[in-house]
Amino acid sequence: MPSPLPPAQAHDLERAVRLCWWSIGLLGAVSVMMYFAMGGSKAMQAALVEDVLSLLPPAAFLVALRFRRRGVDGTYVNGRERAFDMTFLTSSVALTVVGALLVLDGVHVLASRSFPVVGTVAVGDTVLWQGWTMIAALALSCVPPLVLGRMKVRLARALDSKPLHADADMNKADWMTAVAGIVGVLGIGLGWWWADAAAAIFIAVEVLRDGVRNLRSAVRDLHDARPERVDRSDRDLLPDAVVAAVNRHPDVVSCAARFHEEGLRLCGVLAVATRSGAVDVHLSTALREVARAVHWRIDEVLVVPARAGDALVRDDSRDPPG
């Protein structure tokens, strides 16, 4: 059964929950505003679709957390830590499919030379080009994802939560595509009929890129691949830190480790060679505690005698992560 989170991480997780609820409320309001302001612009329509899709990751995170908190029962005998991985996979598939459809639609509009129509709107006694209201809506839509994304990145790093970091990445894509939408609408005003479709394709490619990248990461995690950093920039150094800590035990000659990710935690196997040539219950318990003391993310650890081919991760004198 997974051990409870330390107080600091439990507090960060509650902050992440509140941030996800704020994301759903603010981005939902942005989506409504975009719907009423989009007019005939394909770039605006694509930006609206991305805004609606940006509701998926925070909603999936909340669903996964609720499921995870149910803990162990007769069916889920190992707990529900994988809930984050499953919802991550679901939202990634949705992003990929919708992104591909948007790209095809944008290419069709560009190939068919469809001219976007942007009319006028009356504001009191003044008649304005509707493009100005569309640009204002796009500019306002940049603010919530810009602020929320920065806050989520900090919490994702504190919790080592890849789904939360992917949510922050999508928030970044939101405000970037809003800027692209503004360019597309201005292009319509300048008479460049192709600018709107080109902006729509750019936005669609961003959606598709997010979906493919997150889908690849989700499938990788479900296959118990080697753990990676939260931003996927490099492999996670925690297994090295565990190996280094276990090697410092006086009864251990050498150690190898094999870890995989389960939600927020790392679980795995330690293959140790001892001076006595055996691993008894007392040594196994001691080494398990040594491993778990390295970092709060280290959870279930199985200690077994070393065999040929077990040297998967060795101590390479790196400084262990803090």
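Residues numbered from 1 in each chain as written. Predicted model: local features only at pLDDT ≥ 70, side-chain atom pairs only at ≥ 80, totals over all residues. Heavy atoms only, no water.

Could you clarify how one ought to interpret the overall build of the protein chain in this entry?
Helix and strand counts for the protein chain stand at nine helices and five strands. Mapped from its N terminus to its C terminus, the protein chain presents α and β elements in the order α-α-α-α-β-β-α-α-α-α-β-β-α-β. Computed over C-alpha atoms, the radius of gyration of the protein chain comes to 25 Å, more than 25% over the 20 Å expected from 2.2 N^0.38 for 322 residues, which places it beyond the range of a compact globule. When each of the 322 residues of the protein chain is scored for burial, the buried share is 48%. When contacts within the protein chain are restricted to residue pairs at least 6 apart in sequence, those whose partners lie at least 24 apart make up 71%. Only carbon and sulfur atoms are counted for the fraction: they give 63% of the accessible area of the protein chain, which is about 15,600 Å². In the protein chain, the 34 positive side-chain charges and the 34 negative ones have mean positions that sit 1 Å from each other. (Helix = DSSP H or I, 4+ residues; strand = E, 2+ residues; numbered from the N terminus. Rg over C-alpha atoms; globule rule 2.2 N^0.38 Å. Buried < 20%, exposed > 50% of the residue type's maximum accessible area, 1.4 Å probe, protein only. Contact = heavy atoms within 4.5 Å. Areas by Shrake-Rupley, 256 points an atom, 1.4 Å probe, with all protein chains shown as cover. Lys, Arg positive; Asp, Glu negative; His and termini not counted. Charge placed at Lys NZ, Arg CZ, Asp CG, Glu CD.)

Help me out: how do you make sense of a nonpolar patch on the surface in this one?
On the surface, a nonpolar cluster with roughly 370 Å² of combined accessible area is contributed by Val93, Val97, Leu101 and Leu104. Examined against the element boundaries, Leu104 turns out to sit in helix α4 (residues 83-111). Since its relative accessible area comes to 60%, Leu104 is described here as exposed. (Patch = residues over 30% accessible without salt bridge, like charges linked within 9 Å, V, L, I, M, F, W, Y side chains within 5 Å. Salt bridge = Lys/Arg side-chain N within 4 Å of Asp/Glu carboxyl O.)

Any chance you could explain the sheet that holds strand β5 (residues 298-305) here in plain terms?
The strands that make up a sheet are held in pairs by hydrogen bonds between backbone atoms, and each pair lies either parallel or antiparallel. Taken together, the three strands give an open sheet; going across it, the order is β3-β4-β5, and neighbouring strands pair in mixed fashion. At either end of the open sheet lies a strand with only one pairing partner, and these are β3 (252-262) and β5. For this sheet, the mean inter-axis angle between neighbouring strands, taken without regard to orientation, is 20 degrees. Two strands pair when backbone bridges link them, and strand β4 (residues 265-274) and β5 are joined in this way by six bridges, in the parallel orientation. Looking across to β5, one finds that Gly268 is bridged to Val301. Where helix α9 (residues 281-294) meets the sheet, it contacts β3, β4 and β5, and its direction lies at approximately 145 degrees from that of β5. (Pairing = 2+ DSSP bridges. Axes fitted to C-alpha atoms, helices over the stretch in contact; angles between N-to-C directions.)

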